[in-house]
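Chains, contacts and geometry: an overview
Now for the letters of each chain:
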Protein chains: 2
Amino acid sequence: MIHEIASRSNPRVRALAAELDGLYVYEGDRLVRDLLARREPLRLLVAHHRHRQLALNAAAENIWLTDRPVLDRLSRLRDAPDLIAVIPPPKPGLNLERAEVVVVLDRVQDPANAGTAFRCAAAFGLDGMVLAGDTVRPWNPRFMRAAQTSLLDVPFQILPGLDELFSLKQASHFNVYLTAAAPPAERGLSPGEMRIPCLVVVGHEGRGIDHRWFFQHPVVHIPQSGLVDSLNAGVSACILMYELQRSGKIGVAER
Amino acid sequence: MIHEIASRSNPRVRALAAELDGLYVYEGDRLVRDLLARREPLRLLVAHHRHRQLALNAAAENIWLTDRPVLDRLSRLRDAPDLIAVIPPPKPGLNLERAEVVVVLDRVQDPANAGTAFRCAAAFGLDGMVLAGDTVRPWNPRFMRAAQTSLLDVPFQILPGLDELFSLKQASHFNVYLTAAAPPAERGLSPGEMRIPCLVVVGHEGRGIDHRWFFQHPVVHIPQSGLVDSLNAGVSACILMYELQRSGKIGVAER
């Protein structure tokens, strides 16, 4: 359905604005063009009139052609873009049973950290991600801006916490590696010592992973000079993914 | 000098607010407490009355004890913190002649990317960073928030561009490695092939490094699955630093 929408108080605009927080919304020219180039099916494409031709060719259930005030109302960026797309919720779809390398974000709060980790997971061809506990949700707009379209490429699963993850029968074949800025020295592994299949757990930015898990699983530690307290959670996750790929543990095993 | 400041229209407050953009300002409880714990000399500490004792013990040229409205006026965060500190400009102080591993940010625009790279440089004990061209400036508040106190630990130098850097006599001993999302295949090195002493150049987030340099220096490429266009500039820089440290090229050579 194609609609020309002239007013920011149009009932459709008001209805969308009200439910925006639970939807998967991509904002901005480059990101939306990436979606269109991938032929991702869109629920809705909101486009400035000047992109009329692009919009009419899009594979979208609904297309709104509109103007600056409506885009301003719908955008959560400081400067509203010309193109806003709403996609169907990506299917979680992580099959733990068949996975070999999965990164678990446990109560990660910063959307940029979580999004960065997703983007690296796509870059390095991980089997998937688990979002545990109150980890920021993937439909958070800052998460989506950092993750870009990797959200559509990386299978994921949302679980209430590490307890639930570790007690899953499908997760019983994994080596579990916890990450920590300063692990108990006698239990620290270097990144090169990780073995597949593995779950690599990255914790809360301030408090890390709940200490009771440290008695059950080894800690992998990225050696650091001690001048800073820790690498940020997103970067730590990416470095460990790089290490698994560099040492041939991702991408060589048969899937 | 200690001042009790009651009003947001106090002339000192107005004067500081006017020049804030060129100053090195740390905001927030944890960051400012980190500075105090390090005994960093502060130009100014602005503290809510409730932190009176902490403030009076600080090594600061000026201490302002104040209340919410003044903190609101000075803060560039959405929620003004209780503690704001202004430090003297950090001395650039990178000695290229004696350096072995230096990362160069060439026209990097995103303060979070540049700050993340600084934080990693501190974590991995790099000799320093070069900020080339219109790379975001280190006093940018979002840069400082991402870099945290690493800005005080990592020597750096600001240069007009790569031309100026490569023509410096003190830089003539370096191997130069350019990074690119998709390098010309025949010229791509893997990260493990980098040799010290080296300058590792990370470029503009969208446009990368000016192509004319690709005829003069090899490109190092982090292998990726091809599902995403590229790792972000901050993460790429951190992964290459990790690789240099992992393979013993940082931290083993005598300084």
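Everything quoted here is computed from the prediction, not taken from an experiment.

Looking at the relation of the copies chain B and chain A
When chain B is fitted to chain A, the best match, at an RMSD of 0.0 Å, comes from turning it 180° and sliding it 0.0 Å along the axis. Such a turn and shift between the copies fits a two-fold axis. Of the residues that chain B buries at the interface, 100% are likewise interface residues in chain A, meaning the two copies contact each other through the same surface.

Brief notes about the packing of aromatic side chains
Residues and elements named next belong to chain B. The tally for this structure, following the rule as stated, stands at 11 aromatic pairs over all chains. Measuring from ring centre to ring centre gives 5.9 Å for Tyr 24 and Trp 139, while their planes differ by 80°; the resulting arrangement is edge-to-face. Of this pair, Tyr 24 sits in strand β2 (residues 24-27) while Trp 139 is found in the loop between β7 (128-132) and α6 (141-147), placing the two residues 115 residues apart along the sequence. Its relative accessible area of 6% is what places Tyr 24 among the buried residues. A relative accessible area of 29% places Trp 139 in the partly exposed class. When the centroid spacing of 5.3 Å and the interplanar angle of 65° are considered together, the rings of Phe 118 and Phe 143 count as edge-to-face. With Phe 118 in helix α5 (residues 111-123) and Phe 143 in helix α6, this pair connects stretches of sequence that are 25 residues apart. Of the residues examined, Phe 118 reaches a relative accessible area of 0% and is grouped as buried. Overall, the relative accessible area of 0% leaves Phe 143 in the buried class.

Here's the deal with the interface of chain B and chain A
The interface is formed by 29 residues belonging to chain B together with 29 residues belonging to chain A. Where chain B meets chain A, there are 4 residue pairs in polar contact (both at pLDDT 80 or more). For the side of chain B that touches chain A, the secondary-structure elements that each account for two or more residues are α5, α7 (150-153) and α9 (233-246) of chain B. Taken together, the residues of the side of chain B that touches chain A break down into 14 nonpolar, 9 polar and 6 charged.

Notes on the pairing of strand β6 (residues 101-106) of chain A
Residue and element names in this part refer to chain A. The buried count for β6 comes to 6 of 6 residues, which makes it a mostly enclosed element. With burial as the criterion, each face of β6 is covered, one bearing Val 101, Val 103 and Leu 105 and the other bearing Val 102, Val 104 and Asp 106. Strand direction decides the pairing type here: β6 and strand β11 (residues 198-202), joined by 5 bridges, are parallel. By the bridge assignment for β11, Val 103 is matched with Val 200. As paired elements, β6 and strand β7 (residues 128-132) share 5 bridges and run parallel to each other. The residue bridging Val 102 from the neighbouring strand is Gly 128, located in β7.

Looking at the sheet that holds β11(A)
Consider a sheet: its strands pair through backbone hydrogen bonds, and that pairing is either parallel or antiparallel. All names here are of chain A. Read across the sheet, 7 strands follow the order β8-β7-β6-β11-β9-β12-β10 without closing on themselves; strand pairing throughout is parallel. Looking at the sheet topology across the chains shown, the edges are occupied by β8 (156-159) and β10 (188-189). The sheet contact formed by strand β9 (residues 175-179) and β11 spans 4 bridges and is parallel. Its bridge partner being in β11, Asn 175 is matched across the sheet by Cys 198. Seen against the sheet, helix α5 (residues 111-123) touches β6, β7 and β8 and runs at an angle of roughly 160° to β7. The strands touched by helix α8 (residues 233-246) within the sheet are β6, β7, β9, β11 and β12 (219-220), with β11 carrying the most contacts at an inclination of about 160°.

Brief notes about the sheet that holds β2(B)
Residues and elements named next belong to chain B. Spatially, β1-β4-β3-β5-β2 is the arrangement adopted by the 5 strands of the open sheet, whose pairing is mixed. Looking at strand neighbours, the two that pair on one side only are β1 (2-4) and β2, the edges of this open sheet. Across this sheet, the average inter-strand angle for adjacent strands is 15°, counted without regard to direction. Two elements, strand β3 (residues 42-48) and strand β5 (residues 83-87), share 4 bridges in a ladder whose sense is antiparallel. Each bridged residue has a counterpart across the sheet, and for Val 46 the counterpart in β5 is Ile 84. Seen against the sheet, helix α2 (residues 29-37) touches β2, β3 and β5 and runs at an angle of roughly 50° to β5.

Notes on the packing of α5(A) against α8(A)
Residues and elements named next belong to chain A. For the pair α5 and α8, the least separation of the axes is 7 Å and the interaxial angle reads 15°. Judged by the inter-axis angle, α5 sits roughly parallel to α8. Crossing handedness for the pair α5 and α8: right-handed. Residues Asn 113, Thr 116, Ala 117, Cys 120 and Ala 121 of α5 pack against Ala 233, Gly 234, Ala 237, Cys 238 and Met 241 of α8. Tallied by class, residues from the contact of α5 with α8 come to 7 nonpolar, 3 polar and no charged.

Examining α8(A)
Residues and elements named next belong to chain A. The end-to-end C-alpha distance of α8 is 20 Å, a good match for the 20 Å that 14 residues give at a rise of 1.5 Å each. For α8, the tally of buried residues reaches 13 of 14 residues, placing the bulk of the element in the interior. The positive-phi residue at the C-terminal boundary of α8 is Gly 248, with phi of around 80°.

A look at the domain arrangement of chain A
Residues and elements named next belong to chain A. Each domain of chain A was delimited in the assignment, giving domain 1 (2-87) and domain 2 (96-246). The straight-line distance from the C-alpha centre of domain 1 to that of domain 2 is 33 Å. Summed over both partners, the interface of domain 1 with domain 2 buries about 1200 Å², with 61% contributed by carbon and sulfur atoms. Among the residues domain 1 hides against domain 2, the three largest losses belong to Tyr 24, Tyr 26 and Arg 38. Together they make up 44% of the total. Here domain 1 and domain 2 share 1 salt bridge between them. The closest approach of N and O atoms between Arg 38 and Asp 153, which form a salt bridge, is 2.9 Å.

What counts as what
Residues numbered from 1 in each chain as written. Chains lettered and ligands numbered in written order. Predicted model: local features only at pLDDT ≥ 70, side-chain atom pairs only at ≥ 80, totals over all residues. Heavy atoms only, no water. Least-squares fit on C-alpha atoms with pLDDT ≥ 70 in both. Contact = heavy atoms within 4.5 Å. Phe/Tyr/Trp six-rings, centres within 6.5 Å; stacked < 30°, edge-to-face > 60°. Helix = DSSP H or I, 4+ residues; strand = E, 2+ residues; numbered from the N terminus. Buried < 20%, exposed > 50% of the residue type's maximum accessible area, 1.4 Å probe, protein only. Polar contact = N/O pair within 3.5 Å; in protein donor to acceptor, adjacent residues only side chain to side chain. Nonpolar A, V, L, I, M, F, W, Y, C, P; charged D, E, K, R; others polar. Pairing = 2+ DSSP bridges. Axes fitted to C-alpha atoms, helices over the stretch in contact; angles between N-to-C directions. Parallel < 35°, antiparallel > 145°, perpendicular 65-115°, else oblique. Left-handed = near helix turned anticlockwise from the far one by under 90°. Expected span 1.5 Å × (residues − 1). Domains from an automatic or database assignment. Buried area = accessible area lost by both parts, 1.4 Å probe. Salt bridge = Lys/Arg side-chain N within 4 Å of Asp/Glu carboxyl O.

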